[in-house]
Amino acid sequence: MSVKIKLKGNNETNEYKDALALKEIFELEFSSGQVNGEILIICNATLFGQETKDIDLIAIGKFEKYSQKVKTKHKSPDGTNDQEMRTVFINDFCFVFETKRHRVTDIRLDGITLTVKYNNKRSDVTTQSENQKYSLANFFKDRINFSPYVCNFIWLRNVSWESIKNLLGDNSNNHTKHNYLPNTFSIRFLMQLACVQAIPWTQKDSKTGNLKRYSAFNSLRKNQEYNIEEIDRIFDLFQKVKDGSGELTRKKVEKITTQILSEQQYAKAIGDKLIIISGRAGTGKTIKLLSIACDLATQRGARSLILTYNHALVSDIKRTLALAEIPDGIEDHTVNITTLHKFFYELVIGFEIGEIVQESKNNKKFIRNFITDYESHLGTLKEYLELNLIGEKEISELMVSRHQQVGWDYLLIDEAQDWSELEKEIIFKIFGKEKIIIADGVDQLVRSQNKCNWTRALNSNRDFKKTHEKKGLRQKVNLVNFVNNFANKLDIKWKLESKDELIGGKVIISTTGYSPELHQKQFELVKKNGNSAYEMMFLVPPSLVQRYEKLDEYNEPFEDKRFIYTDQYQKCGIHFWDGTNIDSRTQYVVNLNEHRLLQYESCRGLEGWTVVNLDFDKFIEYKMQTFKEEKTNELAIESIEEKRRRFVYLWALIPLTRAIDTLVITLSDSNGHIAKILRKVYEENPDYIEWIE
């Protein structure tokens, strides 16, 4: 009999040293050879596809007839019993460890929240550890269709147990709830802490009806079992996806990890002025933002946050950052991305404005109906700032107390022209213009009809530095010419210069739908050019999205969405990562055989080698029907119909500028207005446009 222990991970890291130390602790416990079992220890795990992806240590194990005597509460059919010394049989476990090498003088405990110091800034390790716990559970659910109960620990590698006790102080509540491990510990100590999180179960004796004298600790439910070999394999997912990524993804990863700031005129102004990167769709603004953020992280040790309102873009950039192995933790040299709504939510929560911030039963702060009352909440925040109810002292304290959420060295804002003046003013007031880098998409407005003026009241020489991106860096020459011609016939002001070396490009327009034969041909070309299924993107209008009711994990109904032709496409061998689905939008593609599928309104900032625009005319029709005139600061020289056409047609150019090599457009009405315009463009350019009818 013996316990087999396997260790995997990068053996050149500190985390590998931690994994070796943990292995030795287990080996010492099972040195007698009287217990049978398996343990897998993984260091530097990348939970590809999850919100929190970087994990220091994971330990998973299962045993036959292994027990420890620990002081613990225990559950039974009669309820939860008080703490007492009990024999606990440990059947299986799943533990995640966040390791820290800080000295005890750099560690602080506020209640049960443990923070550590990074460059005189405090970072919340407790929240980081909790996030890892839930990400690991979700990772298992996605990969093996069930999730164990995960216990999370903070392992303080340079702190003794005596020092931890001093940190905990006389607060008995802290002593019964903490998850801190000292530099050295025993398995009994580890299980003592684990039983605080996952209370053992005690059955009744079937003969006497009394509780048995022993309890059971499990991370799995009944009829679930760890297959350690299978678990081992699923942690190779990241490397498998990285090795199988297409050429387009690899080039993007290479681009964002290449130093660019030393070559740019605006580099010296970062941290001193507002930086504005201006250009139309396809000029590479988003990728430049991403490159700057990564360069600031790796070369200057900065923490940068990218803000966008597009959930799908968040997913795409998270995937790119994961493949580029850019850290997303609480330390320095970090790059992360979130939606602007989520970021403002964290700000309002952090400042605890008025009575709108509430507290849940598990002490989590939240705001009801934040999105519904978004403008009102931001208006209140601005009022607090203007009345100096929130001043420099409160802002400084927030950067410390919520360092992980809002304590950023730089904010990089995508599609900044579509922000509201209210959002801009709050960001300037809290962070200062010097910490802001924006991408300005000129006149392409999606959220509203008012362009945000980021330079109002600023001096061009003293306060900001602006670049003007004019060349199309995404699309091949023929596609740039196609979009220019289409815009010209719509009487829309639009002119993008093509990059001469990006020769080629094809457009296919079909009035008979998107056939399996057409797909087979196009996908073969995608693969022939070294790309994967991910690099072929499908866009759909609301008319092709079905709404239906689902039940959540608490059996409560909620509305979800999906592409209405999913089943038909799957029968033809076309598989999608469905970004119209609410759950999918917060994650990213991990299956190498799935194409991205999104609604048109989620495509901004994204790109693909081949992009298929399904029922393109239906999307334009939908935007025309849902257009509502807003008050603008412009002179009233346009009728509402002229405003409608300009706004919608500018919107329509966005999906047409997503493709790099091949653009496929299907039309539902071959005699419609859009079809007639596209027909004219085709007739003038039959050499690179194919018409199918």
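Residues numbered from 1 in each chain as written. Predicted model: local features only at pLDDT ≥ 70, side-chain atom pairs only at ≥ 80, totals over all residues. Heavy atoms only, no water.

**Describing the overall build of the protein**
So, point 1. Each helix and strand in the protein was counted, giving 22 helices and 31 strands.
So, point 2. A compact globule built from 693 residues would reach a C-alpha radius of gyration of about 26 Å, and the protein, at 28 Å, matches this within 12%.
So, point 3. With the C-alpha coordinates aligned to their principal axes, the bounding extent of the protein is approximately 85 × 60 × 45 Å.
So, point 4. Here the protein, with 693 residues, has 55% of them falling under the buried criterion.
So, point 5. Within the protein, contacts between residues at least 6 apart in sequence are counted, and of these 73% link residues at least 24 apart.
So, point 6. By element, 44% of the accessible surface of the protein is carried by carbon and sulfur atoms, the whole surface being about 32400 Å².
So, point 7. Computed over 99 positive and 98 negative side-chain charges, the separation of the two mean positions in the protein equals 1 Å. (Helix = DSSP H or I, 4+ residues; strand = E, 2+ residues; numbered from the N terminus. Rg over C-alpha atoms; globule rule 2.2 N^0.38 Å. Buried < 20%, exposed > 50% of the residue type's maximum accessible area, 1.4 Å probe, protein only. Contact = heavy atoms within 4.5 Å. Areas by Shrake-Rupley, 256 points an atom, 1.4 Å probe, with all protein chains shown as cover. Lys, Arg positive; Asp, Glu negative; His and termini not counted. Charge placed at Lys NZ, Arg CZ, Asp CG, Glu CD.)

**Examining the packing of aromatic side chains**
So, point 1. This model, assessed by the stated rule, comprises 37 aromatic pairs.
So, point 2. Residues Trp 155 and Phe 185 carry aromatic rings whose centres are separated by 5.3 Å and whose planes lie at 75° to one another, so their mutual orientation is edge-to-face. One end of the pair, Trp 155, is in strand S10 (residues 151-156); the other, Phe 185, is in the loop between strand S11 (180-181) and helix H5 (187-197), with 30 residues separating them in the sequence.
So, point 3. Residue classification places Phe 185 among the buried residues on the basis of a relative accessible area of 11%. (Phe/Tyr/Trp six-rings, centres within 6.5 Å; stacked < 30°, edge-to-face > 60°.)

**Some remarks on the sheet that holds strand S9 (residues 121-124)**
So, point 1. Ordered in space as S7-S8-S9, the 3 strands form an open sheet in which the pairing is antiparallel. Single-partner strands in this sheet number two, and they are strand S7 (107-110) and S9. Strand-to-strand, the axes of this sheet are offset by a mean angle of 35°, without reference to chain direction.
So, point 2. Sheet topology note: the strand S8 (residues 113-118)/S9 ladder contains 4 bridges and is antiparallel. Residue Lys 117 lies in a different strand from S9, and its bridge partner there is Arg 122. (Pairing = 2+ DSSP bridges. Axes fitted to C-alpha atoms, helices over the stretch in contact; angles between N-to-C directions.)

**A few points about the pattern of salt bridges**
So, point 1. Counted according to the given criterion, the structure contains 42 salt bridges.
So, point 2. Taking the shortest distance from any N to any O, the salt bridge between Glu 415 and Arg 604 comes out at 3.0 Å. Placement of the pair is Glu 415 in the loop between strand S18 (410-413) and helix H15 (421-431) and Arg 604 in the loop between strand S28 (595-599) and strand S29 (608-613), with a sequence separation of 189 residues. Neither residue differs from the other here; Glu 415 and Arg 604 are each classed as buried.
So, point 3. For Arg 604, the salt bridge identified is with Asp 418, shortest N-O distance 2.9 Å. Separated by 186 residues along the polypeptide, Arg 604 in the loop between S28 and S29 and Asp 418 in the loop between S18 and H15 bring together distant segments of the chain. The exposure classification of Arg 604 matches that of Asp 418, with both residues buried. (Salt bridge = Lys/Arg side-chain N within 4 Å of Asp/Glu carboxyl O.)

**Points about the side chain of Thr 339**
So, point 1. Mapped onto the fold, Thr 339 is located in strand S15 (residues 334-339).
So, point 2. When its relative accessible area of 8% is taken as the criterion, Thr 339 is described as buried.
So, point 3. Beyond its immediate sequence surroundings of up to four residues, Thr 339 is in contact with Leu 307, Thr 308, His 311 and Val 314.

**Things to note about the nonpolar core**
So, point 1. Residues Ile 58, Phe 235, Phe 482 and Phe 616 are the most contacted members of the largest nonpolar core, which totals 109 residues.
So, point 2. With sequence-adjacent residues up to four places away left out, Ile 58 is seen in contact with Leu 40, Ile 41, Ile 42, Ala 45, Leu 47, Phe 95, Val 96, Leu 136 and Phe 235.
So, point 3. Counting residues in each nonpolar core, the second largest holds 41 residues, with Ile 349, Ile 367, Leu 378 and Val 406 among its members. (Core = buried A, V, L, I, M, F, W, Y, C linked by side-chain atoms within 4.5 Å.)

**Notes on the confidence of the model for the protein**
So, point 1. In the predicted model, the protein carries a mean pLDDT of 87, and the fraction of residues at 70 or more is 92%.
So, point 2. Within the protein, strand S23 (residues 506-510) carries the highest mean pLDDT (97), whereas helix H19 (residues 582-585) carries the lowest (53). (pLDDT = per-residue confidence, 0-100.)

**With respect to the packing of helix H11 (residues 340-351) against H15**
So, point 1. Two elements in contact, H11 and H15, have axes separated by 12 Å at closest approach and are oriented at 55°. Taken together, the axes of H11 and H15 are oblique relative to one another. For the pair H11 and H15, the crossing hand works out as left-handed. Judged by residue contacts, Leu 340, Phe 343, Phe 344, Leu 347 and Phe 351 of H11 engage Glu 423, Ile 426, Ile 427, Ile 430 and Phe 431 from H15.
So, point 2. Its residues placed into classes, the contact of H11 with H15 shows 9 nonpolar, no polar and 1 charged. (Parallel < 35°, antiparallel > 145°, perpendicular 65-115°, else oblique. Left-handed = near helix turned anticlockwise from the far one by under 90°. Nonpolar A, V, L, I, M, F, W, Y, C, P; charged D, E, K, R; others polar.)

**Side note on the environment of Thr 666**
So, point 1. As for its placement among the helices and strands, Thr 666 is situated in strand S30 (residues 659-666).
So, point 2. With 227 residues separating them in the primary sequence, Thr 666 and Ala 439 have C-alpha atoms 31 Å apart.
So, point 3. Apart from the residues lying within four places of it in its own chain, the contact partners of Thr 666 are Ser 510, Gly 513, Tyr 514, Asn 613, Leu 614, Asp 615, Phe 616 and Asp 617.
So, point 4. At 2.7 Å, the side chain of Thr 666 and the backbone nitrogen of Asp 615 are in polar contact. (Polar contact = N/O pair within 3.5 Å; in protein donor to acceptor, adjacent residues only side chain to side chain.)

**A few points about the environment of Thr 115**
So, point 1. Mapped onto the secondary structure, Thr 115 falls in strand S8.
So, point 2. On the accessibility criterion, Thr 115 (8% relative accessible area) is buried.
So, point 3. Between the C-alpha atom of Thr 115 and that of Asn 152, which follows or precedes it by 37 residues, the distance is 16 Å.
So, point 4. Setting aside anything within four residues of it in sequence, one finds Thr 115 in contact with Asp 106, Ile 107, Arg 108, Asp 110, Arg 122, Ser 123, Asp 124 and Val 125.

**Thoughts on the pairing of strand S6 (residues 92-100)**
So, point 1. Of all 9 residues that make up S6, 9 are buried, and the element is covered over most of its length.
So, point 2. Taking every second residue as pointing to the same face, both faces of S6 are buried, with Asp 92, Cys 94, Val 96, Glu 98 and Lys 100 on one and Phe 93, Phe 95, Phe 97 and Thr 99 on the other.
So, point 3. Pairing between strand S3 (residues 54-64) and S6: 6 bridges, direction antiparallel. For Ala 59, the partnering residue across the bridge sits in S6 and is Phe 95.

**Side note on the side chain of Asn 152**
So, point 1. Note on placement: Asn 152 falls in strand S10.
So, point 2. Residue class for Asn 152 comes out buried when judged on its relative accessible area of 1%.
So, point 3. For Asn 152, the side chain forms a polar contact with the side chain of Ser 129, separated by 2.8 Å.
So, point 4. In contact with Asn 152, not counting residues within four places along its chain, are Val 96, Ser 129, Glu 130, Lys 133, Asn 179 and Gln 197.

**Notes on the pairing of strand S5 (residues 79-90)**
So, point 1. As paired strands, strand S4 (residues 67-76) and S5 are joined by 9 bridges and run antiparallel to one another. Residue pairing in the sheet places Gln 68 in a bridge with Val 88 of S5.
So, point 2. The antiparallel pairing of S4 with S5 creates a hairpin that spans 2 residues between the two strands.
So, point 3. When S5 meets strand S12 (residues 214-217), the two strands line up parallel, connected through 4 bridges.

**Quick look at the packing of helix H7 (residues 237-244) against helix H10 (residues 311-323)**
So, point 1. It is at 10 Å that the axes of H7 and H10 come closest, and there the two elements cross at 100°. One element, H7, and the other, H10, form an angle in the roughly perpendicular class. In this structure, H7 contributes Phe 238, Val 241 and Lys 242 to the contact, and H10 contributes Arg 319, Ala 322 and Leu 323.
So, point 2. Among the residues forming the contact of H7 with H10, the class breakdown is 4 nonpolar, no polar and 2 charged.

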